[in-house]
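In case you want the letters, here they are:
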Amino acid sequence: MSDAPARPRAEPQPARPRAVTRPARPRAVTEETTLTRRLLIATAIGFLALFVMLPLAAVFVEALRRGLDHYLATFSDPDTQAAIRLTLLVAAISVPLNMVFGVAAAWAIAKFEFVGKSLLTTLVDLPFSVSPVVSGLVFVLLFGAHGLLGPWLEAHDLQIVFAVPGIVLATVFVTFPFVARELIPLMQEQGTSEEEAALTLGASGFRTFLTVTLPNVKWALLYGVLLCNARAMGEFGAVSVVSGHVRGLTNTMPLHVEILYNEYDFVGAFAVASLLAGLALVTLVAKSVLEWRFGDALGQSRLH
Amino acid sequence: MGAAMSTEAMETVAIRAEGLEKHFAAVPALNGVDLDVAPGELVALLGPSGSGKTTLLRIVAGLDHPTAGRVFFGDEDATALPVQARRVGFVFQSYALFRHMTVGDNVAYGLKVRPRSARPSRTDIRKRVSELLELVHLPGLEKRFPAQLSGGQRQRVALARALAVEPRVLLLDEPFGALDAKVRRDLRRWLRDLHDRTGHTTLFVTHDQDEALELADRVAILDRGRIEQIGTPDEVYDRPATAFVAGFIGEAVKVPVTVAGGRVLLGPHGLPAPDGFRDGPAALFVRPRDLVAAEDGEDVADTMPLAVAGVRRAGPARRAELSIAEHLPAVEIELPPHVSPSRGDTLAVRFSTLRLFPA
């Protein structure tokens, strides 16, 4: 400040002679010694290499062990093609569904006060806390031949379990939290005042949602959809229970990997697995780009 | 109500609140509020946090709904009118600018969302936006984003956005709350100026009494969901109607006293009580200017000798802290230039104004 009397800055004091040698720079209280730091970094990298990099590399090495021809041959197998098609179909149905459900749930939880809100918040997380196998079993118990709704479904000639609808249902259930969990903290942080401003300016509720709420969460929504899609394509447990493993009909890529592996077709198994691993890598890169480019728009929770 | 009223106006009341009550889960936020605002008037809602002033503003805007009571705009009962149909210009405390839109799009929003039949052409909207930005002294900032503006600039964009819809009334929630002192003072003067030029009926919420007293035609002081007093800044400042207002306005110190037999007993000291004041416990509110240092040769019988506990600077004035008795809060006196006591001295003072309320 200019009004403060100019005070001479503290001149660097001539170093007093010291008996012991100390680090030239005083260490911040949260800073560790060089040795501790190096040990920690080495541990982390070693762990990552052993448990993440190595298996990932192994997938591609195994897939290409007998050359590119064998690798590519896997994908001309009609059962493999069917598995890829089914996986894409399931993702194409369940991801948009969860986008709508997720936005609706997040909107309700973040912007409104109602009875049972905390229960709904807990329920959103349920698919994460329940074992996927249990999730799959629930659908079998509900829709299976001996399930609650089984006789009714049979009477109307509807096949849910051991068919595509069951796989979609299980996938939707398992991947439901991804979009909602991305959006809820961000929407809560943003509050409702922008929406209120739009309303006072004469915008209808739907118009406000389209022009204010949605644009404010679009990057977080994309982020959630990305994670949701990765899980939808990779889900094994729940889908395995409801699928019935009918080759060419109800076999998704993760299930197909298991079948091929059990048949000692290692190249085939790892070739399909390499596709899934590739999907994971693409997701990871896209996720990093989003975090780097739109970190602010994803909300503070992302930056921790 | 000696407010600036426009005589040509058809309506004598622009905003009327009638018996407004609001309960949040059984907790009353408003407790029977009546308020009339004349056309073109600038009225401040002043009160501590939790007094219900923002709730009142939001109910007038249609953002909250009253548990009981009615809101009128002119002769029209607006209680059941949805917020979109009320045509109010609302400026939020945090401005609530649309962060993903440019300044120009923010200001144009209210015009763009109109139904096609009532929507001005694109050129007209652009023209109106640049006029409004001119009005708030931000010409040419259409392409900026809110994040690229300072707090004061955002505040003015929010005001331009609210004015774009040609509102019947302008409602401001803590308009200067998030700004630093210098910007606040400038914007305060600027807002008063803008109000005088555009003549919008304006209701604004503040917890800052200087702001309310300087800016408003009339000030409504709220406490615990009730309007304690409403009047011109002079009325509420010079003649507080209730003990709450006396304690809230001005820098008053509340001294618990006892009135007995026509005397106000202040610790060891006694003063004549106002005529007809009931005996019993009472509260005396002492502002720095209510006490006067006795001149040399003045009759000592009317004065109280008080011990000086400290002297400090308060802006242009010097104040001394005086202790009445050990168990009573210290009061302050504004010192005349030629009196400069030091700590430990005794100063003979008398009351120029006695603000006494039954406790």
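Focus on the overall build of chain B
- A count of helices and strands for chain B gives eight helices and 20 strands.
- Split into buried and exposed, the 359 residues of chain B put 50% on the buried side.
- A separation of at least 24 residues holds for 66% of the contacts in chain B among residues at least 6 apart in sequence.
- When the accessible area of chain B is evaluated, it comes to approximately 16900 Å², of which 50% is carbon and sulfur surface.
- Of note, chain B has its 45 positive side-chain charges centred 9 Å away from the centre of its 47 negative side-chain charges.

Considerations on the overall build of chain A
- For chain A, the helix and strand inventory stands at 13 helices and zero strands.
- Along chain A, helices and strands appear, N-terminal first, in the series α-α-α-α-α-α-α-α-α-α-α-α-α.
- A total of 304 residues make up chain A; the buried ones form 37% of that total.
- Within chain A, contacts between residues at least 6 apart in sequence are counted, and of these 72% link residues at least 24 apart.
- In the structure as shown, chain A presents an accessible area of about 18300 Å², 68% of it carried by carbon and sulfur atoms.

Quick word on the pattern of salt bridges
- Within the structure shown, the criterion is met by 34 salt bridges over all chains.
- Here Glu196 of chain A makes a salt bridge to Arg58 of chain B, at a shortest N to O gap of 2.6 Å. Here Glu196 of chain A is found in helix α8 (residues 193–200), whereas its partner Arg58 of chain B is found in helix α1 (residues 53–61) on a different chain. Residues Glu196 of chain A and Arg58 of chain B agree in their burial class; the two are buried.
- Where Arg231 of chain A meets Glu235 of chain A, a salt bridge forms, and the shortest distance between an N and an O atom there is 2.9 Å.
- Owing to a relative accessible area of 26%, Arg231 of chain A belongs among the partly exposed residues under this scheme.
- Looking at Glu235 of chain A, the relative accessible area reads 4%, which means it is buried.
- Linked through salt bridges whose partners overlap, the residues forming this network are Arg184, Arg188, Asp208, Glu211 and Glu214 of chain B.

Details of the packing of aromatic side chains
- In total, this model carries 14 aromatic pairs over all chains according to the counting rule given.
- Ring centres of Phe139 of chain A and Phe143 of chain A lie 6.2 Å apart, and the angle between their planes is 15 degrees; on these two criteria the pair is classed as stacked. One end of the pair, Phe139 of chain A, and the other, Phe143 of chain A, are both in helix α5 (residues 132–143), four residues apart, so they sit about a helical turn from each other.
- Phe139 of chain A sits in the buried class, given a relative accessible area of 11%.
- Plain terms: the ring middles of Phe98 of chain B and Tyr109 of chain B are 4.7 Å apart, the flat faces sit at 55 degrees to each other, and that makes the pair tilted. With Phe98 of chain B in the loop between β6 (88–91) and α2 (103–112) and Tyr109 of chain B in helix α2, this pair connects stretches of sequence that are eleven residues apart. Both residues of the pair, Phe98 of chain B and Tyr109 of chain B, count as buried.
- Aromatic rings pair up to connect Tyr261, Tyr264, Phe266 and Phe270 of chain A into one cluster.

A look at the layout of surface pockets
- Put simply, the largest pocket is a space of about 730 Å³.
- In terms of lining, the largest pocket is formed by 26 residues, of which the most central are Asn216 of chain A together with Arg99, His100, Pro146 and Ala147 of chain B.
- Secondary-structure elements contributing two or more residues to the lining of the largest pocket are α8, α9 (205–234) and α12 (266–294) of chain A together with α4 (151–164) of chain B.
- If you tally residues by element for the lining of the largest pocket, the top one is α9 of chain A, at five residues.
- The residue inventory of the lining of the largest pocket, partitioned by class, reads twelve nonpolar, eight polar and six charged.
- Each pocket or cavity is described by its volume, and for the second largest pocket that value is around 480 Å³.

What to know about empty space enclosed by the protein
All names here are of chain B.
- The full count for this structure, using the stated rule, is three cavities of 30 Å³ or more.
- In this structure, the largest cavity spans a volume of roughly 60 Å³.
- Forming the boundary of the largest cavity are Leu42, Leu163, Leu170, Leu172, Leu191, Leu194, His195, Thr198, His200 and Thr202.
- Those elements that provide at least two residues to the lining of the largest cavity are β7 (169–173) and α5 (181–198).
- Across the lining of the largest cavity, the residue classes break down as six nonpolar, four polar and no charged.

A closer look at the packing of helix α3 (residues 78–111) of chain A against α9 of chain A
Residues and elements named next belong to chain A.
- Between α3 and α9, whose axes approach to 9 Å, the crossing angle comes to 135 degrees. It follows from the interaxial angle that α3 and α9 lie oblique. Crossing of α3 over α9 shows right-handed handedness. Note on element contacts: α9 touches α3 through Phe209, Thr213, Leu221, Val225, Cys228, Asn229, Ala232 and Met233, opposite Thr87, Leu88, Ala91, Ser94, Val95, Asn98, Met99, Val103, Trp107 and Lys111.

Thoughts on the pairing of strand β12 (residues 263–266) of chain B
All names here are of chain B.
- Burial of β12 is one-sided: the residues Val264 and Leu266 facing one way are buried, the residues Arg263 and Leu265 facing the other way are not.
- In the sheet, strand β11 (residues 253–260) pairs with β12 via three bridges, with the strands oriented antiparallel. Across the sheet, Thr258 pairs through a bridge with Leu265, a residue of β12.
- Hairpin connection between β11 and β12: a loop of two residues separates the two successive antiparallel strands, and Gly261 in this loop has a positive phi of roughly 55 degrees.
- Alignment of β12 against strand β13 (residues 269–272), held across four bridges, turns out to be antiparallel. In the sheet register, Leu265 faces β13, and the bridge partner there is Gly270.
- Taken together, β12 and the strand that follows it, β13, pair antiparallel across an intervening segment of two residues, in which Gly267 is found at a positive phi of about 55 degrees.

Quick look at the environment of Ile93 of chain A
All names here are of chain A.
- Relative to the elements of secondary structure, Ile93 occurs in helix α3.
- With relative accessibility at 34%, the residue Ile93 sits in the partly exposed group.
- Sequence separation between Ile93 and Glu31 is 62 residues, and the spatial gap between their C-alpha atoms is 50 Å.

Concerning the pairing of strand β19 (residues 346–351) of chain B
All names here are of chain B.
- Of the two faces of β19, the one holding Leu347, Val349 and Phe351 is buried and the one holding Thr346, Ala348 and Arg350 is not buried anywhere.
- Taken together, the three bridges between strand β15 (residues 291–293) and β19 define a ladder with antiparallel strand orientation. Bridge pairing links Leu291 to Phe351 in β19.

Structural notes on the interface of chain B and chain A
- Each partner contributes to the interface: chain B provides 21 residues, whereas chain A provides 19 residues.
- Together, the buried faces of chain B and chain A total about 1700 Å²; carbon and sulfur atoms form 58% of this surface.
- One can count two salt bridges joining chain B with chain A.
- Here Glu194 of chain A ties to Arg99 of chain B by a salt bridge, and the two come within 2.7 Å at their closest N and O atoms.

Some remarks on the nonpolar core
All names here are of chain B.
- In this structure, Val107, Leu159, Leu191, Val219 and Ile221 are the most contacted members of the largest nonpolar core, which totals 44 residues.
- Residues contacting Ile221, with those up to four places away along its chain left out, are Leu46, Arg226, Ile227, Glu228, Gln229, Val236, Phe244, Val245, Phe248 and Ile249.
- Within the second largest apolar cluster, 41 residues are counted, among which are Ala17, Leu35, Val83 and Ala220.

What counts as what
Residues numbered from 1 in each chain as written. Chains lettered and ligands numbered in written order. Predicted model: local features only at pLDDT ≥ 70, side-chain atom pairs only at ≥ 80, totals over all residues. Heavy atoms only, no water. Helix = DSSP H or I, 4+ residues; strand = E, 2+ residues; numbered from the N terminus. Buried < 20%, exposed > 50% of the residue type's maximum accessible area, 1.4 Å probe, protein only. Contact = heavy atoms within 4.5 Å. Areas by Shrake-Rupley, 256 points an atom, 1.4 Å probe, with all protein chains shown as cover. Lys, Arg positive; Asp, Glu negative; His and termini not counted. Charge placed at Lys NZ, Arg CZ, Asp CG, Glu CD. Salt bridge = Lys/Arg side-chain N within 4 Å of Asp/Glu carboxyl O. Phe/Tyr/Trp six-rings, centres within 6.5 Å; stacked < 30°, edge-to-face > 60°. 1 Å grid on protein atoms, 1.4 Å probe; cavity = no way out; pocket = protein on both sides within 12 Å on 5 of 7 lines; lining within 4 Å. Points joined across faces, edges and corners; volume = space filled by probe spheres on them. Nonpolar A, V, L, I, M, F, W, Y, C, P; charged D, E, K, R; others polar. Axes fitted to C-alpha atoms, helices over the stretch in contact; angles between N-to-C directions. Parallel < 35°, antiparallel > 145°, perpendicular 65-115°, else oblique. Left-handed = near helix turned anticlockwise from the far one by under 90°. Pairing = 2+ DSSP bridges. Buried area = accessible area lost by both parts, 1.4 Å probe. Core = buried A, V, L, I, M, F, W, Y, C linked by side-chain atoms within 4.5 Å.

The values are spatial; any link to function lies outside them.
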